[in-house]
Amino acid sequence: MKDRLIVALDTDDGEDIDWLSGTLMDTVGWFKIGFQALNALGNECFPWFSQNGYRVFVDLKFHDIPNTVARDVGTMAKHGARMINMHAAGGFEMMQAARASADDAAYDANLRRPVLLGVTILTSIDEAGFQQNFGSERGLTEQVVYLAQLAQAAGLDGVVASPLEIEPIRKACGNKFLIVTPGIRPEWAETGDQRRMTTPAEAIERGADYIVVGRPILDAEDPEEAVYRILQEMRGA
Ligand code: C5P
C-alpha cells in the first residue's frame, strides 16, 4: 500500500518538507508536489527525492495550448517527474502533444516516461457546482467519464477523479487505465473544501490505483501517525 499512497506536499515551507520527507522515508513511496513545493524547493529536489527512494508526481495541472503544454510536460519529464497531470478539458490535441513530448523527453534523457494523467472534474466540485460552473447538458459523472475516454484516446495513462467515479470509469476505459483519486478523507479528518470524497479504505475497495492525501497528513498533530493510520486503513480494505 506504501506504493499506492501519494502524499500531497501542499506547502511552501521548505523546513516542513525537509522534516516530512526525512521522517516518512521508509513509510511513503510517493510525494505530490505542486506550485508551492516546487517554488520552495526548486528543480534540485528531483535528484534528491529520487536518491532517497521517493517518486515525484508533478501536479501543475497544465491547461494551455498544445505547444505550451507539450513543452511544460517535456521540461518536467526531463527533470525526472514520475507522474504529471494536465486538465483533460485542455482537449484531445493538447493531450496528444503532451504524450508525444513526454515520449521524446524521456527518450532523450534516457529516463522512464512519466505516467501522464488527465484531471477530469476537480473533487472540490459537486453536482450543483458543476452545473453552475460548466452549464453542461451532461451530468457530472457523465462528463468525468467523457473526459476519461478522451484522455485515453489521446494516449494518456489514466485520470485524476473522485473515488466515487471509479466504477463508471473502469467500465468505459478498462482495468489497465490508471485512476488516481484525491478527495480522500479518513473519518477522523476534516473535510475542508473537498466534496466528492470517500475514506482511504473505500477508495481502495472501489479500485483506486493510487490515493492522494494532503491535509489529513500535513495538518495532523503527528503526520507520521496519520500516514500510519491511513496505510492501516488501506491495508484493511
Ligand atoms: O488536502 P487534500 O487531501 O484535500 O489534498 C488533495 C490534493 O489533491 C491537493 O493537492 C489538490 O490540489 C489535489 N487535487 C484534488 N482534486 C483534484 C485534483 C487534484 O484535490 N481533482
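Residues numbered from 1 in each chain as written. Predicted model: local features only at pLDDT ≥ 70, side-chain atom pairs only at ≥ 80, totals over all residues. Heavy atoms only, no water.

A. Broad picture of the nonpolar core. By size, the foremost hydrophobic cluster in this structure holds 63 residues, and its most contacted members are Ile33, Met86, Ile169 and Ile211. If sequence neighbours within four positions are ignored, isoleucine 33 has contacts with Leu9, Leu38, Cys45, Phe46, Phe49, Val56, Phe57, Val58 and Asp59. Listed in part, the 13 residues of the second largest apolar core include Phe57, Met83, Val115 and Leu178. (Core = buried A, V, L, I, M, F, W, Y, C linked by side-chain atoms within 4.5 Å. Buried < 20%, exposed > 50% of the residue type's maximum accessible area, 1.4 Å probe, protein only. Contact = heavy atoms within 4.5 Å.)

B. Spatial organisation of the packing of helix 5 (residues 92-109) against helix 7 (residues 140-154). Look at helix 5 against helix 7: their axes get within 8 Å of each other, and the N-to-C directions meet at 40°. When the axis of helix 5 is compared with that of helix 7, the two are oblique. Once helix 5 is placed against helix 7, the crossing between them reads as right-handed. For the pair formed by helix 5 and helix 7, the contact residues are Phe92, Met95, Gln96 and Arg99 on the first element and Leu150, Ala151, Ala153 and Ala154 on the second. Looking at the contact of helix 5 with helix 7, its residues break down into 6 nonpolar, 1 polar and 1 charged. (Axes fitted to C-alpha atoms, helices over the stretch in contact; angles between N-to-C directions. Helix = DSSP H or I, 4+ residues; strand = E, 2+ residues; numbered from the N terminus. Parallel < 35°, antiparallel > 145°, perpendicular 65-115°, else oblique. Left-handed = near helix turned anticlockwise from the far one by under 90°. Nonpolar A, V, L, I, M, F, W, Y, C, P; charged D, E, K, R; others polar.)

C. Region of interest: the sheet that holds strand 3 (residues 55-62). Taken together, 8 strands build a closed barrel; the order of strands is 1-2-3-4-5-6-7-8 and the barrel is parallel. Put simply, the sheet's adjacent strands are angled 25° from each other on average, direction ignored. (Pairing = 2+ DSSP bridges.)

D. Seen up close, the packing of aromatic side chains. Scanning the entire structure with this criterion turns up 7 aromatic pairs. Ring geometry for phenylalanine 31 against tyrosine 54: centres 4.4 Å apart, planes inclined by 40°, an arrangement best described as tilted. In this pair, phenylalanine 31 is assigned in strand 2 (residues 30-33) and tyrosine 54 in the loop between helix 3 (45-51) and strand 3, connecting sequence segments 23 residues apart. The burial state of phenylalanine 31 is the same as that of tyrosine 54; both residues are buried. Ring centres 5.9 Å apart and planes at 85° place the aromatic pair phenylalanine 49 and tyrosine 54 in the edge-to-face group. Of the two residues examined, phenylalanine 49 and tyrosine 54, each falls in the buried class. Aromatic ring contacts, followed pair by pair, group Phe31, Trp48, Phe49 and Tyr54 into a single cluster. If you follow arginine 138 out to its NZ or CZ, it ends over the ring of tyrosine 146, 3.9 Å from the centre. (Phe/Tyr/Trp six-rings, centres within 6.5 Å; stacked < 30°, edge-to-face > 60°. Lys NZ or Arg CZ within 6 Å of the ring centre and 35° of its normal.)

E. Just the packing of helix 4 (residues 66-79) against helix 5, in detail. Two elements in contact, helix 4 and helix 5, have axes whose closest approach is 8 Å; the angle formed by their N-to-C orientations is 30°. Here helix 4 is positioned roughly parallel relative to helix 5, judged by the angle of their axes. When you trace helix 4 past helix 5, the crossing you get is right-handed. Contact residues: Pro66, Val69, Ala70, Arg71, Val73, Gly74, Ala77 and Lys78 in helix 4; Glu93, Met94, Ala97, Ala98, Ser101, Ala102, Ala105 and Ala109 in helix 5. Here the contact of helix 4 with helix 5 is composed, by residue class, of 11 nonpolar, 2 polar and 3 charged.

F. How the structure looks around unusual backbone geometry. Residues other than glycine seldom take positive phi values, yet lysine 61 does so here, at roughly 40°. Secondary-structure assignment places lysine 61 in strand 3. For asparagine 110, which is not glycine, the phi dihedral falls at a positive 55°.

G. Structural detail: the pattern of salt bridges. Under the counting rule described, the total for this entry stands at 10 salt bridges. Linking aspartate 59 and lysine 61 is a salt bridge whose minimum nitrogen-to-oxygen distance equals 2.9 Å. On the basis of relative accessibility, which here comes to 30%, the residue lysine 61 falls in the partly exposed class. Of the charged contacts, one joins arginine 113 and aspartate 103 as a salt bridge, the two residues approaching to 3.1 Å between their closest N and O atoms. Highlighted residues: arginine 113 in the loop between helix 5 and strand 5 (115-119) and aspartate 103 in helix 5, separated in sequence by 10 residues. Taking the relative accessible area as the measure of exposure, aspartate 103 reaches 31% and is therefore partly exposed. Salt bridges here are not isolated pairs; linked through shared partners, they connect Arg99, Asp103, Arg113 and Asp157. (Salt bridge = Lys/Arg side-chain N within 4 Å of Asp/Glu carboxyl O.)

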